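# Coordinate analysis (summary)
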Amino acid sequence: MSGNPAMVSAYLETLIEQLTGTEKAVPDQDGDYSISYRGARYWARVEGEANPIVRIYSIVLAQLEPTPELYESLNVINTRMTFLRAFWVDSTVIFEHEHVGHSMQEDEFTNSFTTIASATDFFGPQLHERFGGVAAFHESKTDDYATAEIHQPGYL
């Protein structure tokens, strides 16, 4: 699949459909796939032409204006997380995990959700309490939410 974002997108759509029971995974106008998995909302997208990557992320906080203190807190979180990164963009705090598109496997894809959920469950409430905004990931949870069972090394 290297060098072919359409093939990576097709594979991503197949994974989403298989994991969620969705009949057809379709990206929104920005190219993001909304994924409801284990009782919470995640997002994924394919980026890049020559070597496409798959970005899987949670929206931790929304409707949040940046401050130097927020950026500092995100930097501290980034030093504690393994295989994830935290950042602010367009009034949102996002926790993101990435895969090389042509070599991503199903178990890696599903592990991304556990890793993201674990980090978001741990750091999200702290960020929300300190900086406000809308706790988007928390609010996306249904009664079926399965708390992340694995805490990745390097944080928590």
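### Regarding the overall build of the protein chain
- A count of helical and extended segments in the protein chain gives four helices and five strands.
- Secondary structure elements of the protein chain, listed N to C terminal, follow the sequence α-β-β-β-α-β-β-α-α.
- Relative to the globule expectation of 15 Å for 156 residues, the C-alpha radius of gyration of the protein chain, 15 Å, shows essentially globular dimensions.
- Oriented by its inertia axes, the alpha-carbon framework of the protein chain measures out at about 40 × 35 × 35 Å.
- Looking at the protein chain residue by residue over its 156 residues, the buried ones come to 42%.
- Within the protein chain, contacts between residues at least 6 apart in sequence are counted, and of these 66% link residues at least 24 apart.
- Of the charged side chains in the protein chain, 9 are positive and 23 negative, and the gap between their average positions amounts to 3 Å.

### With respect to the packing of helix α1 (residues 5–20) against helix α3 (residues 106–131)
- With their axes 11 Å apart at the nearest point, α1 and α3 run at an angle of 65 degrees to one another. As summarised for this structure, α1 and α3 are arranged roughly perpendicular, according to the angle between their axes. With respect to the hand of their crossing, α1 and α3 are arranged in right-handed fashion. Side by side, α1 and α3 meet where Y11, L12, L15, I16, Q18 and L19 of the first sit next to E106, F109, T110 and F113 of the second.
- Considering only residue class, the contact of α1 with α3 consists of seven nonpolar, two polar and one charged.

### Describing the packing of aromatic side chains
- As enumerated under the stated definition, the model contains eight aromatic pairs in all.
- Plain terms: the ring middles of F95 and F123 are 6.4 Å apart, the flat faces sit at 75 degrees to each other, and that makes the pair edge-to-face. Taken together, the residues span a long stretch of sequence, with F95 in strand β5 (residues 92–100) and F123 in helix α3 at a distance of 28 residues.
- The class for F95 is buried, based on a relative accessible area of 0%.
- Summarising the aromatic geometry, the rings of F109 and F113 are spaced 5.0 Å apart at their centres and angled 75 degrees between planes, so their arrangement reads as edge-to-face. With F109 and F113 both in helix α3, this residue pair falls four residues apart, about one helical turn.

### Quick look at α3
- With 26 residues, α3 extends 35 Å from end C-alpha to end C-alpha; this agrees with the ideal 38 Å at 1.5 Å per step.
- If you look at α3, its biggest bend is around 35 degrees, right at F123, and the proline P125 turns up within four residues after that.
- After α3 finishes, the residue G132 shows a positive phi value of roughly 80 degrees.

The rules behind the values
Residues numbered from 1 in each chain as written. Predicted model: local features only at pLDDT ≥ 70, side-chain atom pairs only at ≥ 80, totals over all residues. Heavy atoms only, no water. Helix = DSSP H or I, 4+ residues; strand = E, 2+ residues; numbered from the N terminus. Rg over C-alpha atoms; globule rule 2.2 N^0.38 Å. Buried < 20%, exposed > 50% of the residue type's maximum accessible area, 1.4 Å probe, protein only. Contact = heavy atoms within 4.5 Å. Lys, Arg positive; Asp, Glu negative; His and termini not counted. Charge placed at Lys NZ, Arg CZ, Asp CG, Glu CD. Axes fitted to C-alpha atoms, helices over the stretch in contact; angles between N-to-C directions. Parallel < 35°, antiparallel > 145°, perpendicular 65-115°, else oblique. Left-handed = near helix turned anticlockwise from the far one by under 90°. Nonpolar A, V, L, I, M, F, W, Y, C, P; charged D, E, K, R; others polar. Phe/Tyr/Trp six-rings, centres within 6.5 Å; stacked < 30°, edge-to-face > 60°. Expected span 1.5 Å × (residues − 1). Bend = angle between axes of the 7 residues up to and from the residue.

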